[in-house]
Amino acid sequence: MKPFRLVFIGTAAIVAILLVGAAVIFNGAFQTWAARRALASRPDLHATIGSVAAGLGRVVVRDFHAAPSGLVFTVPQLEAELPVPSAALRKKVIVSRLVAKGWTLDLSKLAMDDDAPAATVPSTAIAASAASQAFAGLFPTLRLPVDLALDGVQLEGDVILPGAAGRAHVTITGGRLAAGSEAKFDLASHAALADPKVNALELHGTLTAAMDSPRTFTRFGLKLDAAASGAQFPAGVRLTADAAAQRDANGESYAAAVVEGERALLGVKAAFPSSASRLEGTWKLDLRDSDVVPFALGHALPEFTVAGEGRVEADASFAALRASGKIEMAANQLGALRRELSAIGPLKIVADFDLTQRSHALAIERFDAAIAGEKPVATVRSLQSFTLDFETRRLAAADPARELFGVVLQGLPLAWAGPFLPDLAIAGGDIRGELVATTRSDGLLVQARAPLTAGGISLARAGRPLLRDVDVTLAASADYAPQGWQTEVDRFTAQSGGKILFTLEGKAGRLAGAGQPLKATGKLAADLPALLVQPAAARALVLARGTATATFVASVLGGKRELQADLAVGDLAADPQPGAEKLPAISTNVRADIAADGRVTLHAPIALERDGRKSDLAIAGSIMSAKGRIAVDAQVTSTNFVVDDAKVLAALLPTGAGAAPERAPTNGPAAPTPPWAGVSGSIALALKKVVYSDSFQASDVSGTLRLEDGTLKFERLQAGVGDTGEAKLDGAVKFDPSAPQPYTLAADLAMKEFDPAPLLRAFNPKQPPPVEGKFNVASKLGGSARDLSELAANATGDFQLTSTGGVFRGLPVSVSKVTETTSRLASWMASAGNAIVALTGRKDGGDISSDAQAVAEIAKGLNPIAYDQLSVVVSRDATLSAVLKDFTLISPEIRLSGSGQTLHTPGKPVLDDTLAMEFKLRARGHYAELLKYVGALDLQPDELGYLGCNVPMKIGGTLGAPDASDASTRIASLALKKSGLTEKAMEKAGEWLAKLRPGK
């Protein structure tokens, strides 16, 4: 009994374990957990499941949801009737019923961007995969891992089409898939589309399959009938598709065809004989856009026709795939694909080809293509067979000494370049020329057998013309090899109106391999007057003559770009007349580094050379452009800068070029903008020597120009002026586009120990400066102007000038300025008086021999006056007229005080301002004795002991040419009044003096 009891207990335990295991396995919670765990191992599916319930003969899956690659698949419930133990243990999947209704396949979230990059697989990987698994036919790849039988299928759901094109209801029914029988599945679909032109699409089809064993197939067949209808096709359009694959003892055969009515649109036939292990077939096309548009789900298509036929061959491993044949294609309204392509117009391509893809190499046995628009455009023709290896990037020709292929451009329309120039509009004649290709260093050399030419080219951006009626000629070559590539421009010439605008020579290339920069170098020569005729540069400069040359080297690596260029501009002339002022030659060596974020680091030393002297100016710093604004952080330095050499370049500017620039009008006149519009940042100055003329210069000019919120600020600008002078300026220039004079100046100017004589000589070199001496100047400057260049001349404000020693020539009196008779008499009298003074050396009042002597010494003492102190306040108002007040001059024997004004005439320089001054003369010492002698002295002294003169001192004329004739006449008349001579006597005396003059 004991052994029997032991066996019984053991058997009972095993049964209990099996029952418990079965209870666990067939438990819905366990099955759901296992299904979710399996889905979790496939994160790419983004799948969830509500529940799984599997019994001995039935499986139910509820609330299944998956979203792989942008599509969303939802199944509320799927039921399958099959013996689960047999399927799990014996690999026999015998489904008597498969039902899924109410499911949804949502394709609306699929990417519809035509520019989205497609997933690609390297050709070498494809070739390696194909080579590792030799093709043995279609049917061996469909051999099932389990025994399969499918008796009944009921699938019904909806498909949401991509791009909001519409929605389709789909049903699939059928069955009887099993060994020894032929299965049949019926497909039906009705799509309601959003496009009113084609708003309904019906699809009906039958899929048949035959199996010779539970795991292998012998035949597949698919027949589809598609019908589309809508406003564009009220009668409807129908297509029929038929595809079949069959396996028998001789091998496999395949066929597919698409038919519209009686016309075959597509036909493909192929066979894979078991004896040959090689796929061979034929293809044929006869397709039109009207055949496809009804089934394009609302996507716009161009007008097209494609017709052709040929053969295809492949070996068992698909390592060699050959395609040959002829094809003819015509297309129009390509803008339906991309708006930019609408410029191409009607297009026709005819090609005859024989190509073989072997592993990772393409062999071209034959290729002839002709491209035409409204007229012939180009032909491409292979001249011998050659092979291009994509892996090694080597090109091999049957005869390396012969040419590979040729391209003849009979008339490539410039409009076809439109898609590649999205911001530009281009027009002109067709591009003509001829290219030929040969092998070189296992690579390819393409060069121009006949230069490429195009005539009458015009270019515009946003409706604004840039180039007009330009003819171009290009002779270039391109060299590709496994080591890298290079293009070379032998000569690129642009000309217009029989004049060459510019010529360019250069090279660009890149070595193979990661991290290699793109490098370019070249030389450019331009005729500046010819270029300035073009709209892009119209009115930028006025030039009768001038050339520019530039040599450059550029490098691009990743987002970083480097540029170095030597630029020379010379032979400049604004006036073609002989003897016109010579303009400086300009040269610079520019280096610019452009970072990936667009920041430009710049260094540009500039040299101006004229009449054997040279000016230098160096600009260094960084420029950052973002969102239409420019940020500048720069330094400007110089060791010697001649202002005249820079000012003379103003002759290049057209009339009115200094005015605030204006944007092109749109709906009305655009608001003016300052030169610094959209610019912010700072520019530091460090100029060692600034030469204004041979007699005046500034030294150690320093400070900062700062641009903030459209305002140009001067911060701590200072300079040495003359030998000992200093000048400091702080202020700002603001711009208000709504004001009649938009530029406004507000600044503080302070000068110390400044001698204005050299500057005055520079302004008016024809006469001595009216004042020489060391001045201290304090002023607050203001003013406004329409033109930035006029702002300095329009400065207003109060100027306080003080000096403690110098020479004053503001009273240019002369006794020779009276009438001609008085002049001769006064001149003789003055000469006599001067001779007495020279012989005796005595100047005291007791030694005055005559009125003429006294008058001559008075005039001589007033021009010039060596002063000890001079001060004046000048107030310049908005009319640019000035009031001179509180004028005080003190010298040992002369004291001047007075006031006056200048009157400005608009449009004329400051030196032409009308001058009206009146001085009060006081004297002491010998000068007082002279005035007393001629009876022109008041005997009441002032606080400093100077006695007044009763002769008014009035100065007229202009600032550039003061007129002291009134004061001269009054002083000269003092001698005549005291002598008692009448005018008639003076006339007689004058005649007598003329007879005494030598040579009379």
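Residues numbered from 1 in each chain as written. Predicted model: local features only at pLDDT ≥ 70, side-chain atom pairs only at ≥ 80, totals over all residues. Heavy atoms only, no water.

(A) Highlighting the overall build of the protein. Counting its regular elements, the protein contains 14 helices and 52 strands. Counting the 1000 residues in the protein, one finds 35% classified as buried. Total accessible area on the protein stands at roughly 54,700 Å², and carbon and sulfur atoms take up 59% of it. (Helix = DSSP H or I, 4+ residues; strand = E, 2+ residues; numbered from the N terminus. Buried < 20%, exposed > 50% of the residue type's maximum accessible area, 1.4 Å probe, protein only. Areas by Shrake-Rupley, 256 points an atom, 1.4 Å probe, with all protein chains shown as cover.)

(B) Structural detail: the packing of aromatic side chains. Within the structure shown, the criterion is met by ten aromatic pairs. With 5.9 Å between their ring centres and 15° between their planes, phenylalanine 139 and phenylalanine 220 make a pair best called stacked. Here phenylalanine 139 is found in helix H5 (residues 138–141), whereas its partner phenylalanine 220 is found in strand S10 (residues 216–229), with 81 residues between them in sequence. The class for phenylalanine 139 is buried, based on a relative accessible area of 4%. By relative accessible area, phenylalanine 220 is classed as partly exposed at 22%. Each member of the aromatic cluster is reached from another via a ring pair, and the members are Phe139, Phe217 and Phe220. (Phe/Tyr/Trp six-rings, centres within 6.5 Å; stacked < 30°, edge-to-face > 60°.)

(C) Local environment of the nonpolar core. Core analysis: the largest hydrophobic core is formed by 87 residues, its most contacted members being Phe808, Leu862 and Leu896. Per-element tally for this core: the top contributor is strand S41 (residues 743–754), with six residues. Apart from residues lying up to four places away in sequence, leucine 896 is in contact with Phe808, Leu811, Ile865, Phe887, Thr888, Leu889, Phe919, Lys920 and Leu921. With 28 residues, the next largest nonpolar core counts Leu39, Leu82, Leu150 and Ala209 among its residues. (Core = buried A, V, L, I, M, F, W, Y, C linked by side-chain atoms within 4.5 Å. Contact = heavy atoms within 4.5 Å.)

(D) Structural view of the pattern of salt bridges. In this structure the tally under the stated criterion is 37 salt bridges. In this structure, arginine 97 and glutamate 79 form a salt bridge, with 3.6 Å as the shortest nitrogen-oxygen distance. Here arginine 97, found in strand S5 (residues 97–106), pairs with glutamate 79, found in strand S3 (residues 72–81); they are 18 residues apart in sequence, far enough to count as distant. Here arginine 97 falls in the partly exposed class, since its relative accessible area comes to 30%. The partner of arginine 895 in a salt bridge is glutamate 943, and the shortest N-O contact between them spans 3.1 Å. Placement of the pair is arginine 895 in strand S47 (residues 894–903) and glutamate 943 in the loop between strand S49 (937–941) and strand S50 (947–949), with a sequence separation of 48 residues. Several salt bridges converge on common partners, so that one network encompasses Arg58, Glu79, Glu81 and Arg97. (Salt bridge = Lys/Arg side-chain N within 4 Å of Asp/Glu carboxyl O.)

(E) Representation of helix H11 (residues 851–862) in the model. With twelve residues, H11 extends 17 Å from end C-alpha to end C-alpha; this agrees with the ideal 16 Å at 1.5 Å per step. Within H11, ten of the twelve residues are buried, leaving the element largely enclosed by the surrounding structure. (Expected span 1.5 Å × (residues − 1).)

(F) Region of the structure containing helix H12 (residues 926–933). Of the residues making up H12, those classed as buried are His926, Tyr927, Ala928, Leu930 and Leu931. On its buried face, H12 is in contact with H11, S47, strand S48 (914–923), S49 and S50. Directly after H12, the chain includes glycine 935, whose backbone phi takes a positive value near 75°.

(G) Broad picture of a nonpolar patch on the surface. Residues Phe763, Val910, Leu911 and Leu959 make up a contiguous nonpolar surface patch of about 320 Å² in total accessible area. Here leucine 959 lies in the loop between strand S51 (953–957) and strand S52 (962–963). Leucine 959 gets classed as partly exposed once you look at its relative accessible area, which sits at 34%. (Patch = residues over 30% accessible without salt bridge, like charges linked within 9 Å, V, L, I, M, F, W, Y side chains within 5 Å.)

(H) Representation of the environment of alanine 852 within the structure. Within the fold, alanine 852 resides in helix H11. Considering only alpha carbons, one finds alanine 852 and valine 934, 82 residues apart in sequence, at a separation of 9.1 Å.

(I) Representation of the pairing of S10 within the structure. With 13 bridges connecting them, strand S9 (residues 200–213) and S10 associate as antiparallel partners. Within S10, the residue paired with glutamate 202 across the bridge is alanine 227. The turn joining S9 and S10, which pair antiparallel and follow one another in sequence, is formed by two residues. Looking at chain direction, S10 and strand S11 (residues 237–248) are connected through ten bridges and run antiparallel. Note that in S11 the partner of aspartate 225 across the bridge is threonine 240. (Pairing = 2+ DSSP bridges.)

(J) Here's a closer look at the confidence of the model for the protein. In this model, the protein carries a mean pLDDT of 82, and residues with pLDDT of at least 70 account for 85%. Mean pLDDT per element in the protein: helix H4 (residues 123–132) is the minimum at 43, and strand S29 (residues 518–527) is the maximum at 95. In this model residues 3–24 is a low-confidence stretch, pLDDT under 50, and it forms one contact with partners more than four residues away in sequence or in other chains. Counted against residues more than four places away or in other chains, residues 992–1000, with its pLDDT under 50, gives seven contacts. (pLDDT = per-residue confidence, 0-100.)

(K) Region of the structure containing the pairing of strand S28 (residues 499–511). Judged from the eleven bridges that link them, strand S27 (residues 484–496) and S28 form a sheet pairing that is antiparallel. Opposite alanine 494, over in S28, you have phenylalanine 502 as the bridge partner. Linkage of S27 to S28, two consecutive antiparallel strands, is achieved through a turn of two residues, within which glycine 497 is found at a positive phi near 60°. Adjacent in sequence and paired antiparallel, S28 and S29 are bridged by six residues, among which glycine 513 carries a positive phi angle near 110°.

(L) Main features of unusual backbone geometry. Omega for the bond connecting asparagine 863 with proline 864 falls within 30 degrees of zero, at 0°, which places this linkage in the cis form. For proline 864, the location among the structural elements is in the loop between H11 and strand S44 (865–867). Despite not being glycine, aspartate 63 has its phi angle at roughly 55°, a positive value. At aspartate 571, a position not held by glycine, the phi torsion is positive, near 55°. Among the structural elements, aspartate 571 can be located in strand S31 (residues 560–573). For aspartate 571, a relative accessible area of 47% corresponds to the partly exposed category.

(M) The arrangement of the environment of proline 892 in detail. Mapped onto the elements, proline 892 comes out in the loop between strand S46 (882–890) and S47. Classification of proline 892 as partly exposed rests on a relative accessible area of 48%. Taking the C-alpha atoms as reference points, proline 892 and tyrosine 946, separated by 54 residues in sequence, lie 9.7 Å from one another. The residues contacting proline 892, other than those within four sequence positions of it, are Ala866, Asp868, Arg924 and Tyr946.

(N) Quick look at the side chain of aspartate 354. Note on placement: aspartate 354 falls in strand S17 (residues 347–358). Among the polar contacts made by the side chain of aspartate 354, one reaches the side chain of arginine 322 at a distance of 2.5 Å. Setting aside its immediate chain neighbours within four residues, aspartate 354 contacts Arg322, Ala323, Ser324, Ala363, Ile364, Glu365 and Arg366. (Polar contact = N/O pair within 3.5 Å; in protein donor to acceptor, adjacent residues only side chain to side chain.)

(O) Broad picture of the packing of H11 against H12. For the pair H11 and H12, the least separation of the axes is 9 Å and the interaxial angle reads 135°. Here H12 runs oblique to H11, going by the angle between their axes. Seen along the crossing, H11 lies across H12 with a hand that is left-handed. For the pair H11 and H12, contact is made by Asp851, Ala854, Glu857, Ile858, Ala859, Gly861 and Leu862 and by His926, Tyr927, Leu930, Leu931 and Tyr933, respectively. For the contact of H11 with H12, the per-class residue count stands at eight nonpolar, two polar and two charged. (Axes fitted to C-alpha atoms, helices over the stretch in contact; angles between N-to-C directions. Parallel < 35°, antiparallel > 145°, perpendicular 65-115°, else oblique. Left-handed = near helix turned anticlockwise from the far one by under 90°. Nonpolar A, V, L, I, M, F, W, Y, C, P; charged D, E, K, R; others polar.)

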